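# Coordinates in review
So you can see what is in the structure, the chains are spelled out below.
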Amino acid sequence: MSTLLPSISLLQNTNALTNKKSSIIRLSMCAAALFMVGCTKQTPVENSLMESSSSAKTEKELMSEPLTGKPVVYQVFTRLYGNTNTTNKPWGTIAENGVGKFSDFTDIALQDIKSLGTTHLWYTGIPHHALINDYTEFGISNDDPDVVKGRAGSPYAVKDYYNVNPDLADNPQQRLAEFEALIKRTHDNGMQVIIDIVPNHVARDYQSLDANDPTQAALLPKNRQFGQNDNTQVEYDKNNNFYYVVDSEFAVPDAINGYQPLGGEQHPLADGMFEEKPAKWTGNGSRLAKPHANDWYETVKVNYGVKPDGSYDFPALPEHFADKSVTEHYAFWQSQNAAEIPDSWIKFKDITQYWLAKGVDGFRYDMAEMVPVEFWSYLNSNIKHINPNAFLLAEVYNPSLYRDFIHLGKMDYLYDKVDLYDTLKDIIHGKTSTAQIAVDQAKVMDIEQHMLHFLENHDEQRIHTDDFAGTPEAALPAMVVSTTISRSPTLIYFGQDVGEQGAENAGFGQATRTSIFDYVGVPAHQRWMNNGAFDGGQSSASEKSLRQYYQTLLNLSHNAPALTGEYYELDSINRLREQAENEANSSTDSLSLNANINININANNQYNDSTFAFSRYNEEQFIIVVTNFSSSDKASFTLSLPTELISAAKLTAAQYQLVDLLDDKKQSQQLSINQAAAGTISIKLNPLESQVLAVDL
């Protein structure tokens, strides 16, 4: 299939020609290029800014300048990012398949990440989790392959929250210091640091080690070992960290589909047994001493004061606390008797405060909805008391809980997976109409700024698979909608920007998702990385073109001010073709829908179930976003803008020239607004083409 992408100049967009704010952002992107391929020719505005900034700011200061506007989160699987080994042997060891290190995140690498518009870098797999490698010389116990998924292990089976994965360090003895240095490097490159916290469960063999360094040892809470004070003679106690299957020993699940730990490789601990008596409940809530192979058997469920019958054993939030500030939530919990707070709550408060003190700027919470919302009120209000700007992102999949987690749980952001992500994927598969996008957005309009958008993350299938889009280009309309439809952050997963397939049979992990359980290389990303040059030196022309598109699109989060403004959906109005045509036969030149909405009619319109349009606007800028999801058909139509939108955006009867922020080489489009304050734009879209048409106000 041919690549259908607009022609884009690297590190350049239309606003850079007209907007100082855009030019400053472009200079930030050029800071990355100074390490790599060099900047494209500057505009006069940029030359002036470069001259003034060079006298006022050093290159280092320019590199550290944070981007403003809508947040962009770059998720990186830390273990895989810097790995240059291309062997990809199933179940391969570190020696065979290689592994990435903290030190791979050089200034060159970090500026390359920042050039995608990144404001927050989510390092996945940082806390020390169970894995199959021998670090006993550093005082670390070996993990049992019978309760570890894969050889490299799941990053969501944390073994020690007060240290980091030794695989990631050049010197495992200094692993914590190496991560602290990476935090500083990330900050020095103008981005903030997010790590995972997994409150629902921990590894079956959780062991928080003592620190050798007296300074580090002083930072470790004495009550940090999960289960150390548990009463194991009862199934439940409020201050137990775990639930117990009393008088029963844990048994390793029966294997299914011929599964063998480490692919059948001999290992002294791979004997089908793991000693745990009494058995604990499994992470996904299984109460069986012998869980099923499909259960999260490598983890144990953490107890938050929720009794086995589902009732709560902790203070309830007062009525109407959804309307209270995070400061008021903090004051409420401070007023409670300390004995009423379950021990697990305190342990996770201590964990997050430990990492905040080390410079971490926020947390991504795994499976947040499996933990009561009152705990989140307690934890997040404590975090915000220390760092009011902490970035708090939660994995929640139940739409009925969204508002509780935002207003009561004091989350900043939730995944918009169940509605928008699923809808965009269904549109690509031809299962639903683009009209569903407007429906989904309407559901969350009161919380839209809290709903983080993505097309890839470590849990989801790669775009470049038959199970998703087939080609990277086929998902670009979805990516444009996802990035521009709201004020919320956009998340991009490493390798997405160069069309990574995730096609490897890595061992425990299977194709379509880049494995989070194995040591593996990431081929398209490795080609872009080019042995640490991060210049696309080994990338194909289509991979480079794709990355340029992502770079231009994601940086609109910072140089298109309308994206922090209002949203108006144009889809439903432009689907009224039949009614418009009927009224056209009555010789009218406009269609009145109600007292506030008036549109120009457009008979024989080609706006259809593969096209979608909406507007974003504020006092600085007016934008129309149009997309064509069809991979085979062009779309040509006259887009109608109602009087309600024209009035809200404070436009007047005139001709406006709109430029496409995704392609500055295109001829400008004309927006015509008549005396009745109804607007029209003539739109022509190639297959899979999107346009972000803008005029500065």
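Check the entry above for the structure.
Residues numbered from 1 in each chain as written. Predicted model: local features only at pLDDT ≥ 70, side-chain atom pairs only at ≥ 80, totals over all residues. Heavy atoms only, no water.

## Comments concerning the overall build of the protein
In terms of regular secondary structure, the protein is built from 20 helices and 24 strands. When each of the 697 residues of the protein is scored for burial, the buried share is 59%. Sequence separation of at least 24 residues holds for 75% of the intrachain contacts in the protein that already meet a minimum separation of 6. Carbon and sulfur atoms form 47% of the exposed surface of the protein, whose accessible area is close to 25,900 Å². (Helix = DSSP H or I, 4+ residues; strand = E, 2+ residues; numbered from the N terminus. Buried < 20%, exposed > 50% of the residue type's maximum accessible area, 1.4 Å probe, protein only. Contact = heavy atoms within 4.5 Å. Areas by Shrake-Rupley, 256 points an atom, 1.4 Å probe, with all protein chains shown as cover.)

## Comments concerning the side chain of R175
Tracing the backbone shows R175 in helix 7 (residues 175–188). Among buried Asp, Glu, Lys and Arg side chains, R175 stands out as unpaired, with D160 the closest opposite charge at 5.6 Å. At 3.3 Å, the side chain of R175 forms a polar contact with the side chain of N163. Setting aside chain neighbours within four positions, we find R175 in contact with F102, I140, N163, V164, N165, P166, A169 and L209. (Lys, Arg positive; Asp, Glu negative; His and termini not counted. Salt bridge = Lys/Arg side-chain N within 4 Å of Asp/Glu carboxyl O. Polar contact = N/O pair within 3.5 Å; in protein donor to acceptor, adjacent residues only side chain to side chain.)

## A few points about the sheet that holds strand 15 (residues 566–569)
The antiparallel open sheet is built from eight strands, whose spatial order is 15-18-19-24-21-22-23-20. Edge positions in the sheet fall to strand 15 and strand 20 (635–641), since each has one partner strand and no second. The average undirected angle you get between the axes of adjacent strands in this sheet is 25°. Relative to strand 24 (residues 690–696), strand 21 (residues 655–660) is paired through two bridges, and the arrangement is antiparallel. Counted as the bridge partner of D660 is L693 from strand 24. Each of strand 18 (611–617), strand 19 (621–628) and strand 24 is contacted by helix 15 (residues 476–484), which is oriented at about 155° to strand 19, the strand it contacts most. (Pairing = 2+ DSSP bridges. Axes fitted to C-alpha atoms, helices over the stretch in contact; angles between N-to-C directions.)

## Comments concerning the packing of aromatic side chains
Following the criterion strictly, the structure yields 43 aromatic pairs and no others. On the numbers, 5.8 Å between centres and 50° between planes, the contact of F612 with F614 is tilted. Neither residue differs from the other here; F612 and F614 are each classed as buried. Across the ring face of F226, the terminal group of K347 is positioned such that the distance to the ring centre comes to 6.0 Å. A cation over a ring is seen here: R462 above F494, with NZ or CZ 5.6 Å from the ring centre. (Phe/Tyr/Trp six-rings, centres within 6.5 Å; stacked < 30°, edge-to-face > 60°. Lys NZ or Arg CZ within 6 Å of the ring centre and 35° of its normal.)

## Describing the packing of helix 15 against helix 17 (residues 541–559)
Relative to each other, helix 15 and helix 17 sit at 20°, their axes nearing to 9 Å. The angle between helix 15 and helix 17 places the two elements in the roughly parallel class. Our pair here, helix 15 against helix 17, has a crossing hand that is right-handed. On the side of helix 15, the interface is formed by L476, M479, V480, T483 and T484, while helix 17 contributes L546, Y549, Y550, L553, L554 and S557. In the contact of helix 15 with helix 17, the residues fall into eight nonpolar, three polar and no charged. (Parallel < 35°, antiparallel > 145°, perpendicular 65-115°, else oblique. Left-handed = near helix turned anticlockwise from the far one by under 90°. Nonpolar A, V, L, I, M, F, W, Y, C, P; charged D, E, K, R; others polar.)

## Topic: helix 9 (residues 326–334)
Taken as a whole, helix 9 has its buried residues at H329, Y330, F332 and W333. One side of helix 9 carries all its buried residues, which in axial view fall inside an arc of 160°. Where helix 9 is buried, its residues meet helix 10 (343–357), helix 11 (373–386) and helix 12 (402–408). (Arc of directions from axis to C-beta.)

## Regarding the layout of surface pockets
Unfilled space is identified by rolling a water-sized probe across the atoms. Of the voids in this model, the largest pocket is the one considered here, and its volume is about 1,100 Å³. Considering the residues around the largest pocket, the lining is formed by 41 residues, among which K149, W296, E298, F508 and F517 are closest to the centre. Residues belonging to the lining of the largest pocket are distributed by class as follows: 18 nonpolar, 15 polar and eight charged. (1 Å grid on protein atoms, 1.4 Å probe; cavity = no way out; pocket = protein on both sides within 12 Å on 5 of 7 lines; lining within 4 Å. Points joined across faces, edges and corners; volume = space filled by probe spheres on them.)

## Some thoughts on the environment of I492
Structurally, I492 is set in strand 14 (residues 490–493). Counting along the chain gives 58 residues from I492 to Y550, while the straight-line C-alpha distance between them is 9.4 Å. Residues in contact with I492, not counting those within four places in the same chain, are V73, Y74, Q75, D497, Y550 and L554.

## Quick word on unusual backbone geometry
In this chain, K277 is followed by P278 through a cis amide linkage whose omega measures -5°. Mapped onto the elements, P278 comes out in the loop between strand 7 (244–245) and strand 8 (279–280). Of note, the phi angle at N531 is positive, near 55°, even though the residue is not glycine. Position of N531 among the secondary structure elements: in the loop between helix 16 (523–529) and helix 17.

## Looking at the nonpolar core
Counting residues in each nonpolar core, the largest one holds 173 residues, and the members touching the most others are Y161 and F179. Those residues in contact with F179, other than ones at most four positions away along the chain, are F102, I126, V164, V193, I195, W355 and V360. With seven residues, the next largest nonpolar core counts W91, I132, A157 and L262 among its residues. (Core = buried A, V, L, I, M, F, W, Y, C linked by side-chain atoms within 4.5 Å.)

## Some thoughts on the pairing of strand 5 (residues 192–197)
Consecutive side chains along a regular strand alternate between the two faces of the sheet. A large share of strand 5 lies buried, amounting to five of its six residues. Direction of pairing for strand 2 (residues 120–124) relative to strand 5: parallel, over a ladder of four bridges. Opposite Y123, over in strand 5, you have I195 as the bridge partner. Summarising the sheet, strand 5 and strand 10 (residues 362–365) pair through four bridges and their orientation is parallel. Paired with D196 across the strands is R364, a residue of strand 10.

## Let's talk about the pattern of salt bridges
The tally for this structure, following the rule as stated, stands at 30 salt bridges. Taking the shortest distance from any N to any O, the salt bridge between D112 and R547 comes out at 3.1 Å. Here D112 is found in helix 6 (residues 107–114), whereas its partner R547 is found in helix 17, with 435 residues between them in sequence. Across this residue pair, the class does not change: D112 and R547 are buried. D419 is the partner of K443 in a salt bridge, and the nearest nitrogen-oxygen pair spans 3.3 Å. A residue pair is termed long-range when its members are at least 10 positions apart, and K443 in helix 14 (residues 435–443) and D419 in helix 13 (residues 417–428) qualify at 24 residues. Among the residues examined, K443 registers a relative accessible area of 42% and is labelled partly exposed.

## Some details on the sheet that holds strand 1 (residues 72–77)
An order of 1-2-5-10-11-12-13-14 is seen for the eight strands of this closed barrel, with the pairing classed as parallel. Adjacent strand axes in the sheet meet at a mean angle of 30° when their direction is disregarded.

## Here's the deal with the side chain of N85
With respect to the secondary-structure elements, N85 resides in the loop between helix 4 (78–81) and helix 5 (94–97). Ignoring sequence-local partners within four residues, the contact set of N85 consists of A95, E96, N97, G98, G521 and Q526.

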